[in-house]
Amino acid sequence: IPVDLFDLVIFGATGDLAQRKILPGLYRRFISGQMPQGARIIGAARSEMDAEGFRTQVRAAIEEFVDAAKRDPGNIAAFLDCLDYVSVDATGEAGWDALRDKITPGRVNAFYFSVAPMLFGPLAERLKAHDIARDDARIVVEKPFGRDLASAKALNATLAAHFEESQIYRIDHYLGKETVQNLMAVRFANILFEPLWNAQYIDHVQITVAETVGVGGRGAYYDKSGAMRDMVQNHLMQLLCLIAMEPPYHFDPDAVRDEKVKVIRALQPIPAADIVRGQYAGVKASAARAAQPGYLEDSENPESRTESYIALKVQVANWRWQGTPFYLRTGKRLRGRASEIAITFKAPPHSIFDEDESSWRENVLVIRLQPDEGMNLKVMIKEPGPGGMRLVQVPLDMSFAEALGEEGADIPDAYERLIMDVIRGNQTLFMRGDEVEAAWAWTDPIIAGWEARGDKPRPYDAGSSGPEDALMLMHRDGRRWREIR
Ligand code: BG6
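Residues numbered from 1 in each chain as written. Predicted model: local features only at pLDDT ≥ 70, side-chain atom pairs only at ≥ 80, totals over all residues. Heavy atoms only, no water.

**Student:** Would you take a moment to explain the site of the ligand for this structure?
**Tutor:** Close contacts around the ligand come from Lys-143, His-173, Tyr-174, Lys-177, Glu-211, Arg-218, Asp-230, Met-231, His-235, Lys-332, Arg-337 and Gln-370, and that covers them all. Here an oxygen atom of the ligand sits 2.5 Å away from a polar atom, N or O, in the side chain of Tyr-174. Here an oxygen atom of the ligand sits 2.7 Å away from a polar atom, N or O, in the side chain of His-235. For the shell around the ligand, the element with the most residues is helix α9 (residues 226–244), which contributes three residues. Residue composition of the shell around the ligand, by class: two nonpolar, three polar and seven charged. (Near = heavy atom within 4 Å. Polar contact = N/O pair within 3.5 Å; in protein donor to acceptor, adjacent residues only side chain to side chain. Helix = DSSP H or I, 4+ residues; strand = E, 2+ residues; numbered from the N terminus. Nonpolar A, V, L, I, M, F, W, Y, C, P; charged D, E, K, R; others polar.)

**Student:** How should the environment of Gly-385 be read in this particular structure?
**Tutor:** Structurally, the position occupied by Gly-385 is in the loop between β13 (374–382) and β14 (391–399). When the C-alpha atoms of Gly-385 and Met-420 are compared, they prove to be 54 Å apart, with 35 residues separating the residues in sequence.

**Student:** Explain the packing of aromatic side chains here, please?
**Tutor:** The relation between two aromatic rings is expressed through the spacing of the ring centres and the mutual angle of the planes. Under the criterion given, the structure shown has 15 aromatic pairs. With a centroid separation of 6.5 Å and 20° between ring planes, the pair formed by Phe-11 and Phe-111 is classed as stacked. With Phe-11 in strand β1 (residues 6–11) and Phe-111 in strand β4 (residues 108–113), this residue pair connects regions lying 100 residues apart in the sequence. A relative accessible area of 0% means that Phe-111 is categorised as buried. One aromatic cluster in this structure is built from Phe-11, Trp-96, Phe-111, Phe-113 and Phe-120. Across from the ring centre of Phe-145, 5.1 Å away, lies the NZ or CZ of Arg-170, which sits over that ring. Its guanidinium or amino end placed over the ring of Tyr-174, Lys-177 lies 4.6 Å from that ring's centre, counting from NZ or CZ. (Phe/Tyr/Trp six-rings, centres within 6.5 Å; stacked < 30°, edge-to-face > 60°. Buried < 20%, exposed > 50% of the residue type's maximum accessible area, 1.4 Å probe, protein only. Lys NZ or Arg CZ within 6 Å of the ring centre and 35° of its normal.)

**Student:** Sorry if this is basic, but what is going on with the packing of helix α10 (residues 253–266) against helix α14 (residues 433–453) here?
**Tutor:** Helix packing geometry: the angle between the two helix axes and the distance between the axes. Relative orientation of the contacting elements α10 and α14 amounts to 15°, with a least axis distance of 9 Å. With respect to α14, the element α10 is oriented roughly parallel. The handedness of the crossing between α10 and α14 comes out as left-handed. Residues Arg-257, Lys-260, Val-261, Ile-264 and Arg-265 of α10 touch α14, and the partners they reach there are Asp-434, Glu-435, Ala-438 and Ala-439. Here the residues of the contact of α10 with α14 are counted per class, giving four nonpolar, no polar and five charged. (Axes fitted to C-alpha atoms, helices over the stretch in contact; angles between N-to-C directions. Parallel < 35°, antiparallel > 145°, perpendicular 65-115°, else oblique. Left-handed = near helix turned anticlockwise from the far one by under 90°. Contact = heavy atoms within 4.5 Å.)

Structure (structure tokens):
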């Protein structure tokens, strides 16, 4: 279904994110018929260039980042026709009047700030001063939204000076992932899980976002950030919220976000013993694999104490979750790329079978976010055969691609979905200002704690499953991490 007619201005249109995600994503929406005829995408950046130059750049981005099967020359040419470009000076006055002339009244009026956060204020101010953003305009801002509570508050205040909260779309691209939204469908569209969804029946929850990539190429940004700020404060926190939140009264932006904020506020401070930070160490070439650089080389900071891996034991202090820990871990240069949530249920209260305990396995619900999006419920059944009542655990495994056929295989990229939500005016999958602040309020003392103690991250081999100490975090509770493959 096409969205309403829009003018979308992308600040930072020549930057990496715009070229890799935003513009290829818009192209895919265009070929799926969701962009209405006449909609305009206006690139804005400092580089002096005309619309033709911008189109040439975007064509190259499509060639690089869109699947060959979707790159029909006619479609590409038609999409490039929707593009325009203006050179603007974000902190000066050049280009703003030219930008205003390109905006058509009566359309959805949207502005994507794909720029460094220090430019949010100057852009917001100029959009208003030059009468470019209307009272119903929408602005989209990228992460990182601050690096601590104070800076996030300052950013919120800067934006609030020019725009209402209902006009501000703070992106956390994890919320745009199809399977992440599916978490809400699984929980709130089925009766099966909700009665068991609490500390009485759930032993613990594991949330893993493992990556194989390192930080090479963006070391300067990452070294000031680290896994806690780059991944936990936003992406893993969002996943935790969707698992832990109470049912909202309606699938409505504020109803959903109210429930998420309550979860964040219920998060307990984390003692030092429940935090493991790691940093990948380089490995030499061997017969089995090529050499891999270590974090200190990738970040170009030989003294760095920034963590490229973190594991945490998190407690949600409320009625539903008291006593069920959430174990979170994320890291770079790990053995495999896998994001998943595993919910381990408690064992039945009493076994009627004469089984020795070692064959007993708890039910586990695994939600795979990427790759191979799907769900896997591990259940106990009788082992087939005449050997008596022997039990075995088997997976009820569903891959969305198989279950839904072509539709399931063609999962849209997170950014595509989110940009279309901006045009539709739906903020459900965007973070509200108080939500971001609550997340920083929880994160700040954890980071301040390890800084004050002078903790160094533990080294782990590039290509491994993380530091040994992370294993202990669960072992000492009689539990263990799922394997990263
Ligand atoms: C970004 C982080 O927000 O998310 C990156 O800055 C990380 O460090 C990326 O690699 C992971 O996103 P995805 O969609 O590849 O899981």
